[in-house]
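# Coordinate analysis (summary)
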Amino acid sequence: MEKTALKTLLAEMTIDEKIGQLMQVNTNIFVATKAEITGPLSKMGIEEERLKYIGSTLNFHGAAEMIQVQKEHLEKDPHKIPMLFMMDVIHGFRTIYPIPLGLGCSFDPELVKECSRMAAKEAAAGGVQVTFTPMVDYVRDARWGRVMETCGEDPYLNGVMGAAQVKAFQGDDLADKESLATCVKHFAAYGGAEAGKDYNTVELSERLLRECYLPAYKACIDAGTTMLMPSFNSLNGVPSTINPWLMQQVLRKEWGFSGVVITDYNAVGELIKHGITDNLKDAARMAFENGNDIEMVSTSYAQHLKELIQEGAFNEAQLDESVLRILELKNALGLFEDPYHGASVEKEQQVCLTPEHRAIARKAAEQSAVLLKNEGVLPFDEKVKKITLIGPFADEKAIKGFWACCGKDQDCVTVKEGIAALLPHAEIRVEKGCGNLWDDTDTSGIPAAVEAAKDAEIVVLCLGEPQNYSGEGNSRADLTLPGVQTELAKAVLAANQNAAVLLFNGRPLVLSELEKSAPAILDLWFPGTEGGNAAANLLFGKANPCGKVTMSFPKAVGQCPIYYNHPMTGRPKGNAEEVHHAYASNYIGCGNLPLYPFGHGLSYTTFAYESMTLDKTEMTAEDTITVSITVANTGSCTGKETVQLYLRDLYASAVPPIQKLIAFEKIELAPGEKKTVTFKVCEPMLRFWNGACEFISEPGDFNLFVGYADHPAITERFTLK
Ligand code: GLC
């Protein structure tokens with residue numbers, strides 16, 4: 001529809017119809033019977049009459065329901081304005097790939113795009129038109145359950161992966177039947193929740209917000225995301241949803257975001273719980289005043305916006321601006337021409353869970369896995385005859401992770417199933433040994449597991465936290481393996497050292513005890529539908545692990561928040577490994593370093609960083625420095641390596657971080673092969689937010705190093721004149 005036609009439509013709409021466009025309710029409201037609906041509607045404070053005006057809905061179940069609801073809506077809506085159907089397609093629709101914290105470990109934006117494109121194809125067929133993705137909240141505290149949704153503790157990597165999702169989900173044209181509109185979230189700094197407790201307060205300086213917490217949202221806006229969702233948390237005392245600095249100053253004025261803003265679930269209603277106001281009318285005023293176009297699930301707009309306009313708090317032109325943004329999004333999706341956006345039950349059945357999609361999910365699970373430790377145990381010999389799988393995840397289908405959309409546990413391939421498919425000749429024994437809940441104390445299964453381990457050629461310990469111990473509302477104050485899993489592992493490893501640990505986790509765990517006795521640890525995160533097949537391929541060398549940690553693994557929960565790009569202090573520790581240094585910034589008995597740092601990840605081969613050369617060691621703001629790094633595969637099998645370039649600003653007017661990732665490139669090398677990777681360093685990469693919140697670079701000396709956090713392989717210095 002032409003933009004002029006949209007304005008004509010807008011002019012014909014009544015104020016009730018306009019306010020209806022700003023409302024979003026759960027789809028079950030539309031499919032409930034008359035008897036079922038009365039209660040919820042009165043609780044929501046709206047009359048049934050208003051339902052025909054509603055502009056969007058969420059949490060429906062596939063194409064059949066979407067088509068039924070859209071059809072009935074169009075029959076009732078006076079101007080036949082299609083509803084928007086939205087869903088959290090975070091890491092797959094029906095074919096589920098690894099959680100974002102895992103997929104980010106691939107350091108492969110093209111793989112992220114391939115997965116997102118697949119998800120978009122399945123979700124669009126299933127009736128989804130907008131996905132509440134990408135979530136790019138910057139995180140530093142693994143106690144927070146929603147770290148599973150993000151790509152970790154580096155602002156640059158989060159931005160690259162978020163932008164890749166935006167581009168892939170949206171494609172070149174939102175009207176394409178395999179494209180979805182995206183919604184970047186949660187703006188802002190939800191990942192900074194105090195003590196890693198979900199929904200908790202966030203107090204951060206503007207400088208730190210701009211340095212670390214805001215860049216990834218901006219990267220997604222620059223990539224063209226069409227929607228944005230403010231976060232539940234309060235930021236420096238004011239809930240993000242109604243935070244003028246965030247929602248007006250930064251988002252609309254500085255960044256010029258012209259897309260649709262949708263609140264989080266009942267976030268407007270929660271302003272009362274926050275203690276910001278005691279009534280919904282005031283909440284509606286503050287939410288609308290701060291640019292929230294769509295109110296998710298709460299009904300303050302439905303109940304009070306008309307009154308607020310009549311009282312002069314707003315004028316109808318402001319309402320029209322919001323409504324027009326929503327109509328423009330519907331138009332960009334082609335909904336006025338095809339309200340179903342190409343969805344159909346047949347198409348949904350055709351495109352979901354196909355072998356091709358399973359293959360993409362399997363590849364993603366293989367490339368997201370991180371080999372944390374390997375003392376010559378992996379890969380196992382595929383000719384082994386007697387395999388024992390021990391632990392709560394040995395034959396477990398609940399490995400798709402939180403926010404798995406329409407994915408089903410029963411679609412998932414377990415570790416046992418994967419190994420049995422790969423090695424049909426092998427005898428596979430499974431001993432669960434214990435549970436995986438935080439209050440599991442039952443150790444009665446350990447002796448049988450130990451016996452089963454004794455006469456096995458190889459043992460695979462499949463351990464982890466339940467998939468609902470991470471994700472929304474699921475924070476933990478203890479990051480060790482829940483229950484008695486560590487005790488089980490130690491007993492089994494004492495019986496057979498030809499063993500490897502497979503981990504299933506939604507966050508970095510504290511593995512210090514396990515690490516002492518496990519010769520090999522392979523972290524699968526929550527790998528999704530093809531987890532078991534990916535596990536088998538990795539364990540037996542059909543796939544070579546190449547993932548790199550994107551969020552530090554603490555040695556103890558007391559180290560949280562722990563992150564690689566931390567500023568210097570006036571009393572840094574001396575020897576990095578020393579576990580205590582008096583009068584220095586450190587912990588007695590624990591030290592500062594994580595167990596596994598950002599950028600760490602082993603391979604079945606080895607790589608050597610042979611040289612790093614700079615074409616100049618002095619640059620002006622107009623220059624660039626070309627950095628050439630030669631990497632060799634010095635091992636016996638082909639492998640992928642992520643070449644990571646870090647910067648350290650040695651002296652600056654704001655305390656600089658000890659290291660900061662500024663570029664990366666993933667390469668594949670055959671045994672004996674060498675490659676030279678080239679990066680360009682330019683002045684904007686040297687900028688930082690200073691104490692006065694100016695984004696500047698300053699002349700002085702810088703170090704560049706290649707390797708991974710806290711582990712430079714080669715360091716070179718240059719000067720910015
Ligand atoms: C949730 C989440 C948000 C999600 C929304 C809709 O509470 O905070 O990430 O997109 O509700 O499901």
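Definitions and cut-offs
Residues numbered from 1 in each chain as written. Predicted model: local features only at pLDDT ≥ 70, side-chain atom pairs only at ≥ 80, totals over all residues. Heavy atoms only, no water. Helix = DSSP H or I, 4+ residues; strand = E, 2+ residues; numbered from the N terminus. Rg over C-alpha atoms; globule rule 2.2 N^0.38 Å. Buried < 20%, exposed > 50% of the residue type's maximum accessible area, 1.4 Å probe, protein only. Contact = heavy atoms within 4.5 Å. Core = buried A, V, L, I, M, F, W, Y, C linked by side-chain atoms within 4.5 Å. Pairing = 2+ DSSP bridges. Axes fitted to C-alpha atoms, helices over the stretch in contact; angles between N-to-C directions. Arc of directions from axis to C-beta. Near = heavy atom within 4 Å. Polar contact = N/O pair within 3.5 Å; in protein donor to acceptor, adjacent residues only side chain to side chain. Areas by Shrake-Rupley, 256 points an atom, 1.4 Å probe, with all protein chains shown as cover. Left-handed = near helix turned anticlockwise from the far one by under 90°. Nonpolar A, V, L, I, M, F, W, Y, C, P; charged D, E, K, R; others polar. Salt bridge = Lys/Arg side-chain N within 4 Å of Asp/Glu carboxyl O. Domains from an automatic or database assignment. Buried area = accessible area lost by both parts, 1.4 Å probe. Lys, Arg positive; Asp, Glu negative; His and termini not counted. Phe/Tyr/Trp six-rings, centres within 6.5 Å; stacked < 30°, edge-to-face > 60°. Parallel < 35°, antiparallel > 145°, perpendicular 65-115°, else oblique. Right-handed = clockwise from strand over helix to strand, strands pointing away.

## Some remarks on the overall build of the chain
- From N to C terminus, the chain includes 22 helices and 26 strands.
- Taken against the 2.2 N^0.38 rule, which gives 27 Å for 721 residues, the C-alpha radius of gyration of the chain at 26 Å falls within 12% of a compact globule.
- For the chain, the spread of C-alpha atoms along the three principal axes comes to 75 × 65 × 45 Å.
- When each of the 721 residues of the chain is scored for burial, the buried share is 62%.
- By sequence separation, contacts in the chain at least 24 residues apart represent 78% of the contacts at least 6 residues apart.

## A closer look at the nonpolar core
- Core analysis: the biggest nonpolar cluster contains 84 residues, and I387, I419 and L502 have the highest contact counts within it.
- Sequence-distant contacts of L502, defined by excluding residues within four places in its chain, comprise V415, V460, L461, C462, L463, L522, L524, A535 and L539.
- Membership of the second largest hydrophobic core comes to 53 residues, among which are M23, F30, F60 and F107.

## Side note on the sheet that holds strand β25 (residues 700–708)
- Spatially, the five strands line up as an open sheet ordered β18-β26-β25-β20-β21, and their pairing is mixed. Here the strands that pair on one side only, and so sit at the sheet edges, are β18 (618–619) and β21 (660–669).
- Bridge analysis of β18 against strand β26 (residues 711–720) gives two bridges, and the strand direction is parallel. Within the sheet, the bridge partner assigned to E618 lies in β26 and is T719.

## A few points about the sheet that holds strand β16 (residues 520–523)
- Read from one edge of the open sheet, six strands run β11-β16-β15-β14-β12-β13, paired in mixed fashion. Edge positions in the sheet fall to β11 (370–374) and β13 (427–431), since each of these pairs with one other strand and no more. Shown here is a sheet whose adjacent strand axes are inclined to one another by a mean of 20°, direction ignored.
- Inspection of the sheet shows β11 paired to β16 by four bridges, in the antiparallel sense. Across the sheet, the residue bridging to L371 is L522, located in β16.

## Points about helix α20 (residues 485–495)
- Taken as a whole, α20 has its buried residues at Q485, T486, L488, A489, V492 and L493. Along the axis of α20, the buried residues cluster in a sector spanning 155°; they form a single face.

## Re the site of the ligand
- Taken together, 13 residues form the shell around the ligand, and within it D88, R146, K185, H186 and D264 come nearest.
- A distance of 2.5 Å separates an oxygen atom of the ligand from a polar side-chain atom of D88.
- R146 is positioned such that a nitrogen or oxygen atom in its side chain is 2.8 Å from an oxygen atom of the ligand.
- Relative to its free-state accessible area of 310 Å², the ligand is covered by the protein chains to the extent of 95%.

## So, the packing of helix α7 (residues 109–125) against helix α8 (residues 155–170)
- Relative to each other, α7 and α8 sit at 35°, their axes nearing to 8 Å. Viewed along their axes, α7 and α8 form a crossing whose handedness is right-handed. Along the contact surface, α7 presents P109, V112, K113, S116, R117, A119 and A120, while α8 presents V160, M161, A164, Q165, K167, A168, F169 and Q170.
- Partitioning the contact of α7 with α8 into residue classes produces nine nonpolar, three polar and three charged.

## Details of the pattern of salt bridges
- Applying the stated criterion across every chain, the model contains 45 salt bridges.
- The closest approach of N and O atoms between E472 and R146, which form a salt bridge, is 3.5 Å. Of this pair, E472 sits in the loop between β14 (458–464) and α20 while R146 is found in the loop between β4 (130–131) and α8, placing the two residues 326 residues apart along the sequence.
- Note that D381 and K383 form a salt bridge whose closest N and O atoms lie 3.7 Å from each other.
- Its relative accessible area of 39% is what places D381 among the partly exposed residues.

## Some points on the domain arrangement of the chain
- As assigned here, the chain comprises domain 1 (362–559) and domain 2 (607–720).
- Counting from both sides, the interface comprises four residues of domain 1 and, opposite them, eight residues of domain 2.
- Roughly 470 Å² of surface becomes buried between domain 1 and domain 2 when both sides are summed, with 37% attributable to carbon and sulfur atoms.
- Looking at the side of domain 1 facing domain 2, the largest losses of area belong to N544, C546 and K548, adding up to 79% of the total buried there.

## Observations concerning the side chain of E698
- Secondary-structure assignment places E698 in the loop between β24 (695–696) and β25.
- In this structure E698 is buried but unpaired, with R207 as the nearest side chain of opposite charge at 10 Å.
- Only 2.4 Å separates the side chain of E698 from the side chain of S653, close enough to count as a polar contact.
- With residues up to four places along the chain from it excluded, the contact list for E698 reads A652, S653, F688 and L720.

## Notes on the packing of aromatic side chains
- This structure, assessed with the given rule, holds 22 aromatic pairs.
- The interplanar angle of 10° and the centroid separation of 4.8 Å between the aromatic rings of F393 and F504 together place this pair among those described as stacked. Within this pair, whereas F393 is found in the loop between β12 (386–390) and α18 (415–422), its partner F504 is found in strand β15 (residues 499–504), the two being separated by 111 residues in sequence. Neither F393 nor F504 differs from the other in exposure class; each is buried.
- Ring geometry for F702 versus F718: centroids 5.2 Å apart, planes at 10°, classification stacked. Of this pair, F702 sits in strand β25 while F718 sits in strand β26, and the two are 16 residues apart along the sequence. F718 carries the same exposure label as F702, and that label is buried.
- Linked through ring pairs, F107, Y156, Y564, F598, Y646, F664 and F705 together constitute an aromatic cluster.

## Some thoughts on unusual backbone geometry
- H186 follows K185 through a cis peptide bond whose omega is -10°.
- At the junction of F187 and A188, the peptide bond is cis and its omega measures out at 5° in the coordinates.
- Residue placement: A188 occurs in the loop between β5 (181–187) and α9 (206–213).
- Of note in this structure, K80 is not a glycine but carries a positive phi near 50°.
- Looking at K80, the relative accessible area reads 47%, which means it is partly exposed.
- Positive phi, close to 65°, is recorded for N266, a residue that is not glycine.
- Within the secondary structure, N266 sits in the loop between β9 (260–261) and α12 (270–274).

## Quick notes on the packing of helix α1 (residues 3–12) against helix α15 (residues 316–332)
- Close contact between α1 and α15 brings their axes to 10 Å; oriented N to C, the two are set at 130°. Accordingly, the angle class assigned to the pair α1 and α15 is oblique. Handedness of the α1/α15 crossing: right-handed. Of the residues in α15, those in contact with K3, L6, K7, L9 and L10 of α1 are D320, V323, L324, L327, E328 and N331.

## With respect to the pairing of β15
- Of all six residues making up β15, six are buried, and the element is well covered by its neighbours.
- Alternating positions in β15 separate into two faces, A499, V501 and L503 on one and A500, L502 and F504 on the other, with burial throughout.
- Here six bridges tie β14 to β15, and the two strands are oriented parallel to one another. Pairing of L463 across the sheet is with L503, part of β15.
- Each parallel crossover has a hand, and for β14 linked through α20 to β15 it is right-handed.
- Where β15 meets β16, three bridges bridge the pair, whose relative direction is parallel. Its bridge partner lying in β16, L503 is registered against D523.
- As a crossover connection, the stretch from β15 through helix α21 (residues 512–517) into β16 is right-handed.

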